[in-house]
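# Structural characterization, general
The residues making up each chain are set out below.
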Amino acid sequence: MHSRSPQSGDENGLQARQLEDWLVREAPLAVFGVDRENRVNLWSSPAARMLGWELDEILGGPAPFWWADGDFERYLGEIEQRGRVNGRLVKWRTKAGAALESETWAWSSGSGGLVFVVTDHVRDTEMYAEVAQSRNFIERIADAADICLFAYDVASNRLIYASNACEAMSGYSSDELVKDPHLWLSLVHPDDLALATEPVRTGSGARSEYRIRHRNGTERWVAVHLYPRFGPDGRVTYLEGLAMDITDRKVHQVELQRLAFTDALTRLPNRQQFEHDLRAAVEQAERRGEKLAVFLLDFDGFKYVNDTFGHQFGDATLKAIAERLQQTLRGRAKVYRMGGDEFTVIQAGIAGEEDVRETAARCLDAFREPLQVMGEWIPMGISI
């Protein structure tokens with residue numbers, strides 16, 4: 001173990017040297033450290049064996065072993081905030097440029113830098129092999145089920161892991177998602193940002209559904225489940241989670257809702273939609289101090305048509321009525337079919353009775369001409 005000597009009389013430096021002496025005696029693991037300027041000031045023989053740099057080529061120089069840009073600042077900030085890192089799997093860069101994942105402990109040195117204790121070749125241990133095997137098995141299941149697995153570091157506010165299935169969901173590879181900590185949120189629909197960020201901000205385990213923009217420009221719905229991991233101080237350190245593409249389900253739900261509120265014959269909004277819209281229109285009129293009108297329309301000759309020509313002809317007549325009403329009132333009022341030959345109209349934002357009379361007159365005028373149904377001309381009286 002070698003380090004830069006502390007200045008004489010420096011109490012913090014003395015404590016740091018005592019800590020280093022203890023590590024030499026008690027820790028048969030890689031130990032290394034950096035100062036607040038990210039210069040290497042502590043380097044043990046196991047560290048040289050594990051990462052490849054010898055003492056004389058690394059001590060005193062800029063730390064070359066960080067795997068990703070910003071790792072030093074991230075760990076410095078986390079340890080200043082929380083005091084330590086306990087047993088985390090960390091990816092280090094070796095002298096040969098390879099990635100080495102090892103279980104790591106870290107804390108602040110007496111001079112304000114960082115000290116790391118790292119297990120030697122954790123990938124070669126039986127325990128790590130079992131953990132890696134289990135993790136690979138889970139990832140294979142998740143990929144087969146198109147489930148995106150991810151891990152989010154709360155302290156550094158960045159995604160640190162994303163499984164392969166995340167690419168199918170978003171169009172971006174796991175490396176792209178991890179490299180750019182803001183990429184995922186940039187995909188979230190602006191109206192859904194609160195749904196995506198609130199569970200992360202509070203660090204709570206939660207389920208949310210929101211929309212994202214796929215790389216190909218399509219809109220996708222995702223269901224996200226978050227599971228917090230807590231540190232020794234009880235605060236959330238990580239959010240692990242899974243996300244599923246639920247676009248097909250959402251589209252199906254929208255279609256079911258549309259069918260539930262649509263008349264199957266005329267494709268007009270039905271009675272349920274009328275009741276919903278009427279409540280909303282009344283509330284809006286009261287809030288804005290406006291007026292609205294509701295029209296009930298009944299077609300006098302329809303029963304005769306149905307009895308004379310049959311139900312198939314009657315259905316075609318109802319479709320023709322609905323089409324003419326929509327053409328007459330488009331942009332002015334909304335038309336609904338209540339059932340049988342009964343229709344309703346909601347006209348919001350009117351100035352007064354004159355608007356009501358004008359709309360009624362439009363409807364009366366529209367049905368002065370007979371309807372053409374299946375090659376026949378059918379006169380149809382209307383009552384309002």
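As shown above, the structure is provided for reference.
What you see is a predicted model, and the numbers here were worked out from it, not measured in a lab. Numbering of residues begins from 1 in every chain and follows the order in which that chain's sequence is written. Totals for whole chains, interfaces and linings use every residue, but because this is a predicted model, local features are given only for residues with pLDDT of at least 70 and side-chain atom pairs only at 80 or more, for both listing and counting. The basis for every side-chain value is the complete set of heavy atoms in the structure, and neither hydrogens nor water enter the calculation.

Time to look at the state of the cysteines. Any covalent bond linking the sulfur atoms of two cysteines counts as a disulfide. Any two cysteine sulfur atoms within 2.5 Å of one another count as a disulfide. Counted under the stated rule, the structure contains one disulfide. What pairs with C148 in a disulfide is C166, and their sulfur atoms sit 1.9 Å apart. For the disulfide bridge between C148 and C166, the dihedral angle about the S-S bond is near 80°, and by the sign convention the bridge is right-handed. With C148 in strand β7 (residues 147-153) and C166 in helix α6 (residues 165-170), this pair connects stretches of sequence that are 18 residues apart. Relative accessibility decides the category of a residue: with a 1.4 Å probe and only protein chains considered, values under 20% of the type maximum give buried, values over 50% give exposed, and everything between is partly exposed. Residue class for C166 comes out buried when judged on its relative accessible area of 1%. Secondary structure is summarised from DSSP: a helix means a run of H or I of at least four residues, a strand means a run of E of at least two, and numbering begins at the N terminus for each.

On to helix α4 (residues 71-82). Under the 1.5 Å per step criterion, the end-to-end length of α4 is 16 Å for 12 residues, consistent within 8% with the ideal 16 Å. Those residues of α4 not exposed but buried are D71, F72, R74, Y75, L76, E78, I79 and R82. Just beyond α4, the residue with positive phi is G83, at close to 100°. Take the residue count of a helix, subtract one, and multiply by 1.5 Å to get its expected span.

Within this document, salt bridges are pairs made up of a side-chain nitrogen of Lys or Arg and a carboxyl oxygen of Asp or Glu, the two lying within 4 Å of each other. Applying the stated rule across the entire model yields 18 salt bridges. In this structure, R215 engages E176 in a salt bridge whose closest nitrogen and oxygen atoms are separated by 2.9 Å. Of this pair, R215 sits in the loop between β9 (207-213) and β10 (219-230) while E176 sits in helix α7 (residues 174-179), placing them 39 residues apart in sequence. A salt bridge links D365 to R368; the shortest N-O distance between them is 2.9 Å.

Turning next to the pairing of strand β11 (residues 236-245). Each regular strand displays side chains that alternate between the two surfaces of the sheet. Where β7 meets β11, seven bridges bridge the pair, whose relative direction is antiparallel. Residue L149 lies in a different strand from β11, and its bridge partner there is L242. We call two strands paired when DSSP finds no fewer than two bridges between them. Where β10 and β11 come together, nine bridges link them in antiparallel fashion. Bridge pairing links L226 to G241 in β11.

Looking now at unusual backbone geometry. Of note, the phi angle at N38 is positive, near 65°, even though the residue is not glycine. Counting through the fold element by element, N38 comes out in the loop between β2 (30-34) and β3 (40-43). Judged by its relative accessible area of 16%, N38 falls in the buried class. In the Ramachandran plot, R267 falls in the positive-phi region, its phi being about 65° despite a non-glycine side chain. Assignment of secondary structure puts R267 in the loop between α10 (247-260) and α11 (271-288). A relative accessible area of 45% places R267 in the partly exposed class.

Glancing now at the environment of V178. As for its position among the elements, V178 is in helix α7. Note on V178: relative accessible area 19%, which makes it buried. Each C-alpha atom, one on V178 and one on F150, is 9.5 Å from the other, the two residues being 28 residues apart in sequence.

Ring pairs shown here join Phe, Tyr and Trp side chains whose ring centres sit within 6.5 Å, with only the six-membered ring taken for Trp; geometry is labelled stacked below 30 degrees between planes, edge-to-face above 60, and tilted in between. Going through the model one piece at a time under the given rule, you end up with 17 aromatic pairs. Between the aromatic rings of W66 and Y75, the centroid separation amounts to 6.1 Å while the plane-to-plane angle is 25°, which identifies the pairing as stacked. A relative accessible area of 10% means that W66 is categorised as buried. Each residue in the set F32, W43, F65, W66, F72, Y75, W92 and F116 is aromatic and connected to the rest through ring pairs, giving one cluster. Lying across the ring of W67, R93 places its NZ or CZ 4.4 Å from the centre. The aromatic ring of F367 is capped on one face by R324, whose charged end is 5.7 Å from the ring centroid. By definition, being over a ring means that NZ of Lys or CZ of Arg is both within 6 Å of the ring centre and within 35 degrees of the ring normal.

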